[in-house]
Amino acid sequence: MAVRRIFIWVVLLLVLVGSACRKNQQVLSAGGIITFSTDTLKFDTVFTAAGSFTTGIMIFNPQNDAVVLSSVQMENGTASFFHLNVDGFQGNVATNIKIAAHDSIYVFATVKIDPTDTLTPFLITDRLVATMNGNVFSIPFTAYGQNAHYIINDSLTQYTRWLTDKPYVVINKLAVGPYAELNIPAGCRVYMHQNARIFNYGLLVVDSAGIPGKDSVVFQGDRLDRAYFGYIGYPGEWGGLYFVGGSGGLLRNTVLKNCGGSTPYYYYGINSAAIQLGDSAVLFMDHSKIQNAIGYGIYSEHGLLYMNNCLLHTTGAQALAIIKGGYDSITNCTFANYGTAAVTHNNNGTVNVQNYVPDPAHPGHYFFGSLDGVMQNCLVYGSLDSEIICDSVPDITARFRMQNCLLKMGDVRESWVNFTNCIFNQDPMFKNTSNGDFHLSVGSPCIGTGGTFGATGLYDLDGTPWGSGNDIGCYKQP
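Residues numbered from 1 in each chain as written. Predicted model: local features only at pLDDT ≥ 70, side-chain atom pairs only at ≥ 80, totals over all residues. Heavy atoms only, no water.

Each helix and strand in the protein chain was counted, giving 1 helix and 42 strands. Taking all 478 residues of the protein chain together, the buried fraction comes to 50%. Of the contacts made within the protein chain by residues no fewer than 6 positions apart, 61% connect residues no fewer than 24 positions apart. Only carbon and sulfur atoms are counted for the fraction: they give 53% of the accessible area of the protein chain, which is about 21600 Å². (Helix = DSSP H or I, 4+ residues; strand = E, 2+ residues; numbered from the N terminus. Buried < 20%, exposed > 50% of the residue type's maximum accessible area, 1.4 Å probe, protein only. Contact = heavy atoms within 4.5 Å. Areas by Shrake-Rupley, 256 points an atom, 1.4 Å probe, with all protein chains shown as cover.)

Burial analysis of strand β29 (residues 326-331) places 5 of its 6 residues in the buried class, which makes it a mostly covered element. Here 6 bridges tie β29 to strand β34 (residues 371-376), and the two strands are oriented parallel to one another. Paired with Tyr 327 across the strands is Asp 372, a residue of β34. (Pairing = 2+ DSSP bridges.)

Our focus in this paragraph is the nonpolar core. Of all hydrophobic cores here, the largest spans 61 residues; its most connected members are Trp 162, Ile 184, Phe 219, Ile 275, Met 307, Phe 335 and Met 402. With 4 residues, strand β13 (residues 168-176) is the largest single contributor of residues to this core. What Ile 184 contacts, discounting residues up to four positions off in sequence, is Trp 162, Val 190, Leu 204, Val 205, Val 206, Asp 207, Val 217 and Phe 219. By size, the runner-up hydrophobic cluster in this structure holds 30 residues, among which are Leu 28, Leu 69, Met 132 and Ile 139. (Core = buried A, V, L, I, M, F, W, Y, C linked by side-chain atoms within 4.5 Å.)

Strand order in this open sheet of 5 strands is β2-β10-β9-β4-β7, and the pairing throughout is mixed. One side of each edge strand has no neighbouring strand; the edge strands of this open sheet are β2 (41-43) and β7 (93-99). Across the sheet, the mean angle separating the axes of adjacent strands is 20° when strand polarity is ignored. Where β2 meets strand β10 (residues 135-144), 3 bridges bridge the pair, whose relative direction is parallel. Each residue of the ladder has a partner; that of Phe 43, found in β10, is Ala 143. (Axes fitted to C-alpha atoms, helices over the stretch in contact; angles between N-to-C directions.)

A separate point is the packing of aromatic side chains. This model, assessed by the stated rule, comprises 18 aromatic pairs. Look at Phe 82 and Phe 141: their rings are 5.4 Å apart centre to centre, the planes differ by 80°, and that puts the pair in the edge-to-face class. In this pair, Phe 82 is assigned in strand β5 (residues 82-86) and Phe 141 in strand β10, connecting sequence segments 59 residues apart. For the pair formed by Phe 82 and Phe 141, the shared burial category is buried. Both rings, one in Phe 430 and one in Phe 438, keep their centres 5.1 Å apart while their planes meet at 85°; by these two values the pair is edge-to-face. Given the relative accessible area of 10%, Phe 430 is considered buried. The exposure class assigned to Phe 438 is buried, which follows from its relative accessible area of 3%. (Phe/Tyr/Trp six-rings, centres within 6.5 Å; stacked < 30°, edge-to-face > 60°.)

Here we come to the environment of Phe 141. Exposure remark for Phe 141: the relative accessible area of 0% places this residue in the buried category. When near neighbours in sequence (up to four residues on either side) are disregarded, Phe 141 contacts Leu 41, Phe 43, Met 74, Phe 82, Leu 84, Ala 109, Ile 124, Thr 125, Asp 126, Arg 127 and Leu 128.

Below, the structure is given as structure tokens:
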């Protein structure tokens with residue numbers, strides 16, 4: 001019994017000593033660090049009904065002294081979608097939170113979202129910010145905001161047809177495998193997260209049936225809170241479409257806007273472009289638009305490009321760059337660049353055609369490819385003195401025909417380019433270039449001066465019947 005009483009007294013003494021040590025523990029008054037249990041707090045759920053989900057993290061104090069967090073809060077404050085419980089204290093701002101030496105606290109976060117609210121961004125982001133001794137530590141929070149099909153670093157290995165019940169949101173990348181096909185039908189809504197890009201090794205088909213200009217499939221950034229961009233579309237909000245060499249695609253009645261952001265991807269040379277074609281990639285593009293791209297509209301490096309009734313405008317680099325040759329057939333398309341506050345148009349022409357490309361690994365060396373192409377009923381214009389660059393190297397095939405086109409071009413006419421019935425340096429009389437309206441005004445020299453070519457189709461980009469006569473460009477003047 002005596003031994004038992006001694007043991008109990010020792011245990012009590014140790015408890016009292018430990019308690020006293022914790023109460024009198026020195027508080028770190030300068031410097032120091034804290035760590036989090038994860039690098040990002042992700043709410044990995046798609047909200048379907050309640051729109052509420054709770055998860056948590058731990059904040060660790062690795063020091064030998066206690067620390068006091070002067071504040072723990074959400075960066076967006078009361079406007080945040082996230083709501084906190086910090087070590088038992090509820091509210092989006094907690095102050096004077098003490099963490100003992102080599103101890104930790106729990107932070108629970110609840111996100112409350114109405115998943116049917118179409119004004120809510122698809123991806124909700126905020127940051128938890130903790131301040132200690134004047135130093136700031138933070139961790140990002142992410143959650144899905146709307147009901148959608150979320151594609152996150154996905155790869156397709158077979159035929160896949162997207163649905164139209166909910167939008168698709170692509171985060172980071174989507175790869176269409178060599179033996180796969182991605183089919184995106186009319187009525188499908190596609191939103192791309194920052195720097196997201198679709199890499200096509202197989203077949204990418206966006207075939208939006210219906211009236212041209214009215215039932216388009218639109219690829220755009222996923223920031224729906226336009227206030228973030230000053231209520232305008234901002235170039236480079238997302239990456240683009242990359243057709244790897246040997247792949248194929250069809251874009252019919254498709255719009256790509258506010259894109260062209262650069263995206264690293266393995267060893268491939270990814271340009272800042274809305275669409276990039278690799279060697280021998282084949283793309284049919286019909287009644288479609290590319291607008292407000294921070295880099296190229298289309299960058300084709302020895303690709304096979306067939307375009308009909310398309311509009312490419314407001315791009316930071318060339319709207320169309322045919323590089324290292326290839327085969328190209330382009331009919332009734334408009335390429336226009338004037339520049340905006342967000343897109344500079346100072347020294348890059350609107351269209352570039354050449355049969356070589358510099359070797360980035362060996363300055364002064366080049367790659368070459370045969371070039372054979374034709375532009376018919378096309379309009380190339382902009383704010384520079386000359387909007388077309390044509391260049392070639394000897395001994396490599398270079399043939400290009402421009403028929404019934406209106407071109408803003410300098411006095412040099414390359415011998416390997418055949419110009420037939422072209423109009424040079426006459427104002428096409430666009431209706432309103434500052435608002436992106438590239439329809440023709442009455443009296444435009446493009447009206448009735450186009451040729452009759454089989455690839456034109458029945459309708460212009462708006463769905464207006466071409467009738468018996470053709471205008472130059474993608475729009476018929478009523």
